[in-house]
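# Structural features, examined
Listed below are the residues making up each chain.
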Amino acid sequence: MEKALIALAAALAVGIPAVATAYAQAKIGSAGAGTVAEKPETGGTIIILEAIPETMVILGFVVAIMLILQFA
Amino acid sequence: MIPSQKFIGESPNYEYLNAVIRARGTRLLGREVFSRLASGSLEDMELFLLESRYGPRYREQLATGGGSLLGRIENALAWGAADILRETASLARGESLLFFSVILSLGDLHNGRILLRASPGGIRPKNSPAWHRYSLADLAFYDDLWKKSATPADGAVRCHEENHDFARILGESYRVLHETGDLFRAERALYSGWFGWWSERLRGRNNENSRRIEEYLGRLTDLWNFSIWLRPRKEAVSRDQAFLPGGWGFSQEALESLDDPDKLFAGSGWSFVPGKRGERTRSDLFRSFQRHFYEWQKSLYRQNLLGTDVSLGYAAQVVQEWKNLSLLAVGLSLKMPAADLERHLFLQEEGTV
């Protein structure tokens, strides 16, 4: 039972940030496509902006690993 | 015509649309460009237009020949501004397209007024006037009305032949003009029909963007109501009947009972400071208020970046740029001094947009 709860916690730690990241990247990607279409020179900046929300899911993944290593 | 129905059902794409608009916004002409043009000649302006985003339309005017230099410039500017707005609207989807259509439809309102005003006398120049070419209804419809409908009755019948909602509204206004001979009532019918039509289409939507569009329509209603309010009191009976409901800031009661513009604006939500009645002429007061309205609309450009605000702010700037360039062209053709010409332009303060 305890293991199942830890697994659930780890899943939530990755899953929730993943949904949030997807939402943010969808918005940024859409805006980025519009900006790059008009101003190709902004391509580099847009790639960086697109990658920033990725940190959320990476942090979530780290938390999930810590949960599993500490308690499982 | 903009395919306003085709993509209405899709989810809105504010992020994409606003990013494109903001990127294109950097191409809007700045104050220094207008100053430079004002101190040049009409020929300089012609060269400038050839290199600008109005260039394709100006080259088209050159290719089709005809008309004076001023006429060609005015046509190219009107077409160019319409191209910018229509092309931007074509990128919108879902709700963002519906709300952009409100902006384009303002062109129908302006064109309708031009037609109604030209109608009573039955005498009009052969060439069509400078239409607001970004309208939702086809320009051929307006041209046809201009050329073939000399009387309001002709206009009403022609409008009923057209399968477009705005034609129905304009037809109704023509009918009022035919029956009463009163241009003012006909214009009121046009405004009332237009506002009613949009209120109907926007009904049931309740989010931040729909509230902004309602505010925009309400402020437009205020603009109309203020123009009526400025009329002399002796016309009070027709004046009080002329106020349109649904204004944003002015209550019906305030419009009917107050005489002092300061009192009218106090607590209305408008930050406009009109000064006492009599200190300025009615047309000055109305023009200042109109400018204030445009300033407000332009200020939206930097507000909600994931909503319809950006479109509203951008459209105001495009229309203003067109008006300023047209004014410059007319002034330059009359060889007006640069300082006088600049005084007439409606320019944004540096750094505010």
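Sequence order as written defines residue numbering, which begins from 1 separately in each chain. Starting at A for chains and at 1 for ligands, labels are handed out in the order in which the entities are written. With the structure being a predicted model, the display of local features is reserved for residues of pLDDT at least 70 and the display and counting of side-chain atom pairs for 80 or more, all residues being used for whole-chain, interface and lining totals. Note that water and hydrogens are dropped before the side-chain values are worked out from all heavy atoms of the structure.

Labelled according to an unreviewed UniProt entry, chain B appears under the name V-type ATP synthase subunit C, originating from bioreactor metagenome.

As recorded by an unreviewed UniProt entry, chain A carries the name V/A-type H+-transporting ATPase subunit K and is attributed to Aminivibrio pyruvatiphilus. UniProt positions are given in the numbering used here, feature names are shortened, and annotations may be inferred rather than shown by experiment. Under the Subcellular location (unreviewed entry) heading, UniProt states for chain A: "Membrane".

### What to know about the overall build of chain B
Secondary structure elements follow DSSP: runs of H or I no shorter than four residues count as helices, runs of E no shorter than two count as strands, and numbering proceeds from the N terminus. Counting its secondary structure elements, chain B contains 17 helices and zero strands. In this description the radius of gyration comes from C-alpha coordinates, and the expected globular size is given by 2.2 Å times residues to the power 0.38. Compactness check: chain B gives a C-alpha radius of gyration of 21 Å against a globular reference of 20 Å for 353 residues, within 12% of the reference. Seen through its principal axes, chain B has C-alpha atoms that stretch 55 × 50 × 45 Å. Only four residue types enter the tally: Lys and Arg on the positive side, Asp and Glu on the negative side; His and the chain ends are excluded. Just so you know, the charge point we use is NZ for Lys, CZ for Arg, CG for Asp and CD for Glu. Averaging the positions of the 46 positive and the 45 negative side-chain charges in chain B gives two centres separated by 1 Å.

### Comments concerning the packing of aromatic side chains
Residues and elements named next belong to chain B. For Phe, Tyr and Trp, rings pair up if their centres lie within 6.5 Å, where Trp contributes its six-membered ring, and each pair is then called stacked (planes under 30 degrees apart), edge-to-face (over 60) or tilted (otherwise). Under the definition given, this model contains 24 aromatic pairs over all chains. With 4.9 Å between their ring centres and 65° between their planes, tryptophan 197 and tryptophan 198 make a pair best called edge-to-face. Neither tryptophan 197 nor tryptophan 198 differs from the other in exposure class; each is buried. These aromatic residues form a ring-pair network of at least three members: Phe226, Trp229, Trp248, Phe250, Phe265, Trp270, Phe272 and Phe289. The rule is short: NZ of Lys or CZ of Arg within 6 Å of the ring centre and within 35 degrees of the ring normal puts a charge over the ring. For the cation-ring pair, arginine 22 lies above tyrosine 301, with the distance from its terminal atom to the ring centre recorded as 4.4 Å. Between the NZ or CZ atom of lysine 323 and the centre of the ring of tryptophan 322, over which it lies, the distance is 5.6 Å. Accessibility here uses a 1.4 Å probe with only protein chains present; expressed as a share of the type maximum, an area under 20% marks a residue as buried, one over 50% as exposed, and anything in between as partly exposed.

### Focus on the packing of helix α5 (residues 69-89) of chain B against helix α16 (residues 309-333) of chain B
For any two helices packed against each other, one specifies the crossing angle of their axes together with the interaxial distance. All names here are of chain B. The contact between α5 and α16 brings their axes to 10 Å, and the two run at 175°. One element, α5, and the other, α16, form an angle in the roughly antiparallel class. In this structure, α5 uses Leu70, Ile73, Glu74, Leu77, Ala78, Ala81, Ile84, Leu85 and Thr88 to contact α16, whose residues at the interface are Tyr314, Ala315, Val318, Val319, Trp322, Leu325, Ser326, Ala329, Val330 and Ser333. Residues that form the contact of α5 with α16 fall into these classes: 15 nonpolar, three polar and one charged. Each axis is a line fitted through C-alpha atoms, taken for helices only over the stretch in contact, and angles between the N-to-C directions span 0 to 180 degrees. Roughly parallel here means an angle under 35 degrees, roughly antiparallel means over 145, roughly perpendicular means 65 to 115, and every remaining angle is called oblique. The contact rule is simple, with two residues in contact once any of their heavy atoms fall within 4.5 Å. Side-chain classes follow a simple rule in which Ala, Val, Leu, Ile, Met, Phe, Trp, Tyr, Cys and Pro form the nonpolar group, Asp, Glu, Lys and Arg form the charged group, and the remainder, Gly included, forms the polar group.

### Examining a nonpolar patch on the surface
Patch membership is restricted to residues that have no salt bridge and whose relative accessible area is over 30%. Joining uses 9 Å for like charges and 5 Å for the nonpolar side chains Val, Leu, Ile, Met, Phe, Trp and Tyr. Note on areas: Shrake-Rupley with a 1.4 Å probe; residue coverage comes only from the protein chains shown. Each reported salt bridge corresponds to a side-chain nitrogen of Lys or Arg within 4 Å of a carboxyl oxygen of Asp or Glu. The grouping of Ile58(A), Phe61(A), Val62(A), Ile65(A), Met66(A) and Leu69(A) at the surface amounts to a nonpolar patch, some 600 Å² of accessible area in total. With respect to the helices, strands and loops of the structure, Val62(A) is situated in helix α3 (residues 54-71).

### Quick look at the packing of helix α8 (residues 152-161) of chain B against helix α9 (residues 165-180) of chain B
Residue and element names in this part refer to chain B. Running from N to C, α8 and α9 point in directions that differ by 160°, and their axes come no closer than 8 Å. It follows that α8 is roughly antiparallel to α9 by the angle criterion. α9 is crossed by α8, and the crossing has left-handed handedness. The segment α8 lies against α9, with Pro152, Ala153, Gly155, Ala156, Cys159 and His160 engaging Ala167, Leu170, Gly171, Tyr174, Arg175, Leu177 and His178. Counted by class, the contact of α8 with α9 contains eight nonpolar, four polar and one charged residues. Each crossing gets its handedness from the near helix: less than a right angle anticlockwise from the far helix is left-handed, clockwise is right-handed.

### Some details on the layout of surface pockets
Residues and elements named next belong to chain B. Grid points spaced at 1 Å and placed over the protein atoms alone form the basis of the search, with a cavity being a set where a 1.4 Å probe fits but cannot get out and a pocket an open set showing protein on both sides within 12 Å along at least five of seven lines. Lining residues have an atom within 4 Å of a point. Grid points are joined across faces, edges and corners, and a volume is the space filled by probe spheres set on the points. The calculated volume of the largest pocket comes to roughly 940 Å³. His110, Phe286, Gln290, Tyr294 and Lys323 are the residues nearest the centre of the largest pocket, which is lined by 34 residues in total. When contributions to the lining of the largest pocket are tallied by element, the ones reaching two or more residues are α6 (95-118), α10 (183-202), α11 (208-229), α15 (282-299) and α16. By residue number, the principal contributor to the lining of the largest pocket is α16, which donates eight residues. A per-class count over the lining of the largest pocket returns 20 nonpolar, nine polar and five charged.

### Looking at the environment of Trp270(B)
Residue and element names in this part refer to chain B. Here tryptophan 270 lies in the loop between α14 (261-265) and α15. The exposure class assigned to tryptophan 270 is buried, which follows from its relative accessible area of 5%. For the pair tryptophan 270 and tryptophan 296, spaced 26 residues apart in sequence, the C-alpha to C-alpha distance is 9.5 Å. Contacts of tryptophan 270, omitting those with residues within four sequence positions, involve Arg219, Asp222, Trp248, Gly249, Phe250, Phe265, Phe289, His292 and Phe293. The term polar contact refers here to a pair of N or O atoms within 3.5 Å; inside protein, the definition further demands a hydrogen-donor-capable atom paired with an acceptor-capable atom, and it admits residues adjacent in sequence only when both atoms are side-chain atoms. Among the polar contacts made by the side chain of tryptophan 270, one reaches the side chain of aspartate 222 at a distance of 2.8 Å.

### With respect to the pattern of salt bridges
Taken as a whole and judged by the stated rule, the model has 23 salt bridges over all chains. The partner of Glu38(A) in a salt bridge is Arg24(B), with the nearest N and O atoms 3.0 Å apart. On the criterion of chain membership, the pair formed by Glu38(A) in helix α1 (residues 2-38) and Arg24(B) in helix α1 (residues 14-25) is interchain, its members lying in two chains. One exposure class covers both Glu38(A) and Arg24(B), and it is buried. The partner of Asp144(B) in a salt bridge is Arg158(B), and the shortest N-O contact between them spans 2.5 Å. Residue Asp144(B) is located in helix α7 (residues 139-148), and its partner Arg158(B) is located in helix α8; the two are separated by 14 residues in the primary sequence. The burial state of Asp144(B) is the same as that of Arg158(B); both residues are buried. Each of Asp144(B), Lys148(B), Arg158(B), Glu161(B) and Glu162(B) takes part in a single network of salt bridges with overlapping partners.

### Here's the deal with the UniProt feature "domain: V-ATPase proteolipid subunit C-like" (unreviewed entry) in chain A
Here, UniProt's "domain: V-ATPase proteolipid subunit C-like" (unreviewed entry) annotation points to residues 8-67 of chain A. For residues 8-67 of chain A, the end-to-end C-alpha separation is 10 Å, with 90% helix and 0% strand making up the annotated structure.

### Some points on the interface of chain B and chain A
Across the boundary between the two partners, chain B contributes eight residues, which contact eight residues of chain A. Summed over both partners, the accessible area (1.4 Å probe) lost when two parts come together is defined as the buried area. Both sides of the chain B and chain A interface together cover about 740 Å² of buried area, and 58% of this is carbon and sulfur. Among the residues chain B hides against chain A, the three largest losses belong to Glu15(B), Tyr16(B) and Ala23(B). Together they make up 56% of the total. Linking chain B with chain A are three salt bridges. Where chain B packs against chain A, one counts five residue pairs in polar contact (both at pLDDT 80 or more). Looking at the side of chain B that touches chain A residue by residue, the class counts come to four nonpolar, one polar and three charged.

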